[in-house]
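# Overview (structure and organization)
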Amino acid sequence: MKTVDKTLVNRYWSEDRKFQLIGKKKLLLLPWESPEVLVTMDLMNPEGSLTRSQTKKLLQVNHMLQLLRPTLDALTKQFPLVRIAEAAAGNSYVSLILAWYFKNIAKHPAMILSSDSNPKVVEQSNDRAKALGFSDILRTAVAPLHDFSWESLSQSLFPEHWPEEVKDPKKLRPNLFLALHACDSLSCRAIHHAMQLKADHLAIAPCCQAELAAQWKELDTKTNPLRVICENPNLRRSTAADFTDAIRLLLLRSLGYEGEAIEFVPSEHTPKNRLLLVERKRQFDLKSLRSYLDLKTSLPFGQIELERLTGKELEIYRERLDPI
Ligand SMILES: C[S@@+](CC[C@H](N)C(=O)[O-])C[C@H]1O[C@@H](n2cnc3c(N)ncnc32)[C@H](O)[C@@H]1O
């Protein structure tokens, strides 16, 4: 791990440079205040300088933190120990930042169980957590999503937070479940998994949703009212991605979550900038189920993984809908 030279960092960050970086914005994670975490995550050079791409990433990470802050603060008030799961975490940037947040800003107990299918990134994330002194809060496991068991992983990774006798497993559920840029239908599977765990909040940043676009490509374009979109690869990709997220949001709402699709990072940084941020409020919502069914009636083209995964569950609630 790279070590920080604080004297050089302080010398580098003159008032002029600080102003150039943030202007009058208030960022939570600042290079001159928290150099260790940024250097360890390769988001800053050891003497304090930032490349263009590190600057971009630093602003993105801060934006993400601002978006999640109301959720984190609510969880801190509600739970003596905040339990967080991240799936398909890659380098665990967000988990590391959340660990930093709980240690330095919230100063509140938390356990963050991060996971990915790739052993290399998992090892790196554990090394980084160790180097930063975050291992008491953040531990990362090799776990492909189909094999991700919150219960057995938290039991083995955080035995200190797992009671000998579990009286009410619901109380040990994740309070926040994150999956950022899990490719294509992996986002659907992450959403479904989090819903099954009854996670209190979900933060899902979808990525390269090709599933619906591939089905639209095969449609008979003579009779299809969406033909201009289906025939044009660029429009097909972006419109299908919007529909995919609209369907995900309606299914989440139908099954009791409230929330919106919001901008995830400033749009000048990346086109993949949507975050579905939702909170579990009830068991189901018939109005949203009706909206979902209306959407499917007017545009009955294709199906996404989350529809297949939630199909049976929704069937029960469909029976409660008034006939039109
Ligand atoms: C595009 S990266 C996103 C990483 C990180 N969440 C981010 O936003 O920077 C997708 C990650 O998903 C992981 N992945 C791919 N298939 C997976 C699966 N079935 N289960 C869990 N993780 C998977 C990959 O190893 C990779 O780290």
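Just so it is clear, the structure is predicted and the values come from calculations on it, not from any experiment. For every chain, the first residue of the written sequence is number 1, and numbering continues from 1 onward in sequence order. Owing to the predicted nature of the model, reporting of local features is limited to residues with pLDDT of at least 70; listing and counting of side-chain atom pairs is limited to 80 or more, with chain, interface and lining totals taken over all residues.

## Some words on the nonpolar core
Note on definitions: a nonpolar core is a set of buried residues drawn from Ala, Val, Leu, Ile, Met, Phe, Trp, Tyr and Cys, linked by C-beta atoms within 7 Å. Buried residues are those with 20 or more other C-beta atoms within 10 Å of their own C-beta, exposed residues have 12 or fewer, and partly exposed residues lie in between; C-beta atoms are placed from the backbone. Ranked by internal contacts, the top residues of the largest apolar core, which has 83 residues, are Leu 96, Ala 99, Ile 112, Ala 190, Ile 191 and Leu 202. Put simply, DSSP marks the helices as runs of H or I at least four residues long and the strands as runs of E at least two long, and each gets a number from the N terminus on. The biggest single contributor to this core is helix H5 (residues 93-106), with nine residues. Marked domain ranges trace back to an automatic or database domain assignment. Each of two domains, domain 1 (1-181) and domain 2 (189-200 + 207-259 + 285-319), supplies a minimum of three residues to this core. Ignoring sequence-local partners within four residues, the contact set of Ile 191 consists of Leu 202, Ile 204, Arg 248, Leu 252 and Leu 306. In this description, any two residues whose backbone-derived C-beta atoms lie within 7 Å of each other are considered to be in contact.

## Brief notes about helix H2 (residues 15-22)
Sparse coverage of H2 is indicated by the burial of zero of its eight residues. Gly 23 sits one or two positions beyond H2 and adopts a positive phi of about 55 degrees.

## Things to note about the sheet that holds strand S5 (residues 201-207)
Think of it this way: DSSP has to see at least two bridges between two strands before they count as a pair. Across the sheet, seven strands lie side by side as S3-S2-S1-S4-S5-S7-S6; this open sheet has mixed pairing. In this open sheet, the two edge strands, each paired with only one partner strand, are strand S3 (138-142) and strand S6 (257-263). Each strand axis lies, on average, 15 degrees off the axis of its neighbour in the sheet, ignoring direction. Direction of pairing for S6 relative to strand S7 (residues 274-280): antiparallel, over a ladder of seven bridges. Bridging across to S7, Gly 259 finds its partner in Val 278. The sheet strands contacting H5 are strand S1 (82-87), strand S2 (110-116), S3 and strand S4 (176-183), and the helix crosses S2 at an angle near 170 degrees. Of the strands in this sheet, S2 and S3 touch helix H6 (residues 119-131), which is tilted by about 165 degrees from S3. Where helices are involved, their axes are fitted lines through C-alpha atoms of the stretch in contact, as for all axes, and angles between N-to-C directions lie from 0 to 180°.

## Points about the environment of His 63
Its location among the elements puts His 63 in helix H4 (residues 52-78). On a C-alpha basis, the gap between His 63 and Leu 157 in space is 30 Å, while along the polypeptide they are 94 residues apart.

## Let's talk about the site of the ligand
Residues in close proximity to the ligand total 17 residues, the closest being Ala 88, Gly 90, Asn 118, Leu 180 and His 181. Broken down by element, the shell around the ligand gets its largest block of residues, four residues, from S4. Each residue belonging to the shell around the ligand can be placed in one class, and the counts come to 12 nonpolar, four polar and one charged. Near residues are defined by distance alone, with the backbone-placed C-beta atom required to lie within 6 Å of the molecule or strand. For this classification, Asp, Glu, Lys and Arg are treated as charged, while Ala, Val, Leu, Ile, Met, Phe, Trp, Tyr, Cys and Pro are nonpolar and the rest, including Gly, are polar.

## A closer look at unusual backbone geometry
Leaving glycine out, the prevailing phi sign among residues is negative, and the prevailing peptide bond configuration is trans. With phi around 50 degrees, Asp 184 is a residue other than glycine that occupies positive phi space. Relative to the helices and strands, Asp 184 is located in the loop between S4 and helix H8 (186-196). Phi is positive for Cys 208, which is not a glycine, with a value near 30 degrees. Mapped onto the secondary structure, Cys 208 falls in the loop between S5 and helix H9 (211-217).

## Side note on the domain arrangement of the chain
You can read the domains of the chain as domain 1 (1-181) and domain 2 (189-200 + 207-259 + 285-319). Once you take the C-alpha centre of each, domain 1 and domain 2 turn out to be 31 Å apart. Taken together, the contacts link 13 residues of domain 1 with nine residues of domain 2. It is S4 that contributes the most residues to the side of domain 1 that touches domain 2, four residues altogether. Split into classes, the residues belonging to the side of domain 1 that touches domain 2 amount to nine nonpolar, two polar and two charged.

## Some thoughts on the packing of helix H11 (residues 233-254) against helix H13 (residues 305-318)
Running from N to C, H11 and H13 point in directions that differ by 35 degrees, and their axes come no closer than 11 Å. Crossing handedness for the pair H11 and H13: left-handed. The segment H11 lies against H13, with Ile 247, Arg 248, Leu 251 and Ser 254 engaging Leu 306, Glu 307, Thr 310, Leu 314 and Tyr 317. In terms of residue class, the contact of H11 with H13 is built from five nonpolar, two polar and two charged. Take the far helix as the reference: if the near one is turned anticlockwise from it by less than a right angle, the crossing is left-handed, and if turned clockwise, right-handed.

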